[in-house]
Each structure stands twice: as C-alpha cells, then as structure tokens.
Amino acid sequence: CVEPSRVVKDAIVFQLKQMDCSGDYPLLFTLFVSPDAYFRNAAVDIFGVGGDNTVGFLTANLDHSDREVRKLILDALFCVGTMEAILAIRAGFYDTAVKVKITAVEYLGRLKDRESVPEMSDLLKSDPEPMLIALIDPNGYLVEDYTIAYTILPEEYRATTAYVVILRNDEIMAFFP
C-alpha cells in the first residue's frame, strides 16, 4: 500500500476489522513481516478482533522462524483475550527467544491467568532472565496456595536488585535474586 494518508489507512483498517477476514488470514499474516510498523500493528489489530476464529491460525504459526513474528502473534492473541487465546499464549513460555517469553509472562499477567502461575514458576526457576522477573505483577499473584511476589529497589535498579519470591502456604518455595 502506497497510500500516504494516515486517515485513509486508518479507515481501511477500521473496515477490515468489521469484516470476516478468515479467508485472507495467510495474506494478512504476511503483514507481520512488513518493514512498516503501521502494517504490522494493523495486522495485530485485525487478527485481534477475529476472536477464537483466529486462534487456530495464529497458533499454527507460533513456530515461525522470526522471533518478532512470534511476538506479534502473541500480541494478536492478547487482543483476542479468550481462554483459547490464553492457552496459546502459554506456549510462549517455551519459546527460544527471551523477548517472546517476556511477552507471554506480561500478557498472561495482564489477562490474570492465575492457572499459569505454577508453569510461570517453573519458567523462572529454569530461566532467571531479569526482565522476566520484573514483569510479574507487583501486587503478587495468588493462586490456590501459591503466591508469587517481587520487589525492586527503585533507587538501585539493576538486574541484581530485582527479587522474586514464590511462597506456598507462607513457606518460601523459591527465591530468585
């Protein structure tokens, strides 16, 4: 698209979001690799309004070779926000790219997916990436008898000053500096 007008582009995206684009998912998916961020974000928005109809298509592409595309898939799944989308986002825990793992942790927290806390705990034990730790909800998660909480010393923010504590029945199960 060579349309220079942002208003016209927005109108086109708005109309596409109103339509059933399921027959055009493969074409729409190619926008995830566009050099233009506007088109990448437009594709996320259009997939995001497709509901559970888009989840199967997006999930089938979670093994894409480009980590940026995998991250955009999670962005679209987050916009969908259904339980099926949440289950697909959890697959991001096992991605090879830290950026995708961070996105999965952030989105599951924002979607309040408390069922993923034990899996998230396992991720934190196996991959102590500081950015993963910092994204856990500052108020902590409480799921059944597990609590995950973190603290950051703001005056000295460095990776070594972020801590995650996982408690079970008020007993420390794991601690990550």
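In this text the structure is predicted, and so the values were computed from the model without any measurement. (Residues numbered from 1 in each chain as written. Predicted model: local features only at pLDDT ≥ 70, side-chain atom pairs only at ≥ 80, totals over all residues. Heavy atoms only, no water.)

### What to know about the confidence of the model for the protein chain
Logical step 1: Taken as a whole, the protein chain shows an average pLDDT of 77; of its residues, 69% reach a score of 70 or greater.
Logical step 2: Helix H5 (residues 67-80) holds the highest mean pLDDT among the elements of the protein chain, 97, whereas strand E1 (residues 141-143) holds the lowest, 46.
Logical step 3: Contacts for the low-pLDDT stretch residues 134-139, under 50 throughout, to residues beyond four places or in other chains number 13 contacts.
Logical step 4: Note on residues 150-163: pLDDT is under 50 here. Beyond four places in sequence and across chains, it has 27 contacts. (pLDDT = per-residue confidence, 0-100. Helix = DSSP H or I, 4+ residues; strand = E, 2+ residues; numbered from the N terminus. Contact = heavy atoms within 4.5 Å.)

### A few points about H5
Logical step 1: Its 14 residues place the ends of H5 20 Å apart at the C-alpha level, agreeing with the 20 Å of an ideal helix rising 1.5 Å per residue.
Logical step 2: Every buried residue of H5 is listed here: Val-69, Arg-70, Lys-71, Leu-72, Ile-73, Leu-74, Asp-75, Ala-76, Leu-77, Phe-78 and Val-80.
Logical step 3: Where H5 is buried, its residues meet helix H2 (25-29), helix H3 (37-48), helix H4 (52-60), helix H6 (83-90) and helix H7 (98-110).
Logical step 4: Structurally, the start of H5 carries an N-cap: the backbone nitrogen of Glu-68 is 2.8 Å from a side-chain oxygen of Asp-66. (Expected span 1.5 Å × (residues − 1). Buried < 20%, exposed > 50% of the residue type's maximum accessible area, 1.4 Å probe, protein only. Polar contact = N/O pair within 3.5 Å; in protein donor to acceptor, adjacent residues only side chain to side chain.)

### A look at the nonpolar core
For soluble globular proteins, the rule of thumb is that nonpolar side chains tend to be buried together.
Logical step 1: Of all hydrophobic cores here, the largest spans 37 residues; its most connected members are Phe-32, Phe-47, Ile-73, Leu-74, Leu-77 and Ile-89.
Logical step 2: In terms of residues, this core owes the most to one element, H5, which gives eight residues. (Core = buried A, V, L, I, M, F, W, Y, C linked by side-chain atoms within 4.5 Å.)

### Examining the packing of H5 against H7
Logical step 1: Two elements in contact, H5 and H7, have axes whose closest approach is 9 Å; the angle formed by their N-to-C orientations is 5 degrees. By the angle between their axes, H5 is roughly parallel relative to H7. On H7, the residues that touch Arg-67, Glu-68, Arg-70, Lys-71, Leu-74, Asp-75 and Phe-78 of H5 are Lys-99, Val-100, Thr-103, Ala-104, Tyr-107 and Arg-110.
Logical step 2: Looking at the contact of H5 with H7 residue by residue, the class counts come to five nonpolar, one polar and seven charged. (Axes fitted to C-alpha atoms, helices over the stretch in contact; angles between N-to-C directions. Parallel < 35°, antiparallel > 145°, perpendicular 65-115°, else oblique. Nonpolar A, V, L, I, M, F, W, Y, C, P; charged D, E, K, R; others polar.)

### Here's the deal with the environment of Ile-89
Logical step 1: Mapped onto the elements of the fold, Ile-89 is located in helix H6.
Logical step 2: For the pair formed by Ile-89 and Thr-59, sequence separation is 30 residues and the distance between their alpha carbons is 8.7 Å.
Logical step 3: Residues in contact with Ile-89, not counting those within four places in the same chain, are Leu-74, Leu-77, Phe-78, Ala-104, Tyr-107, Leu-108 and Leu-111.

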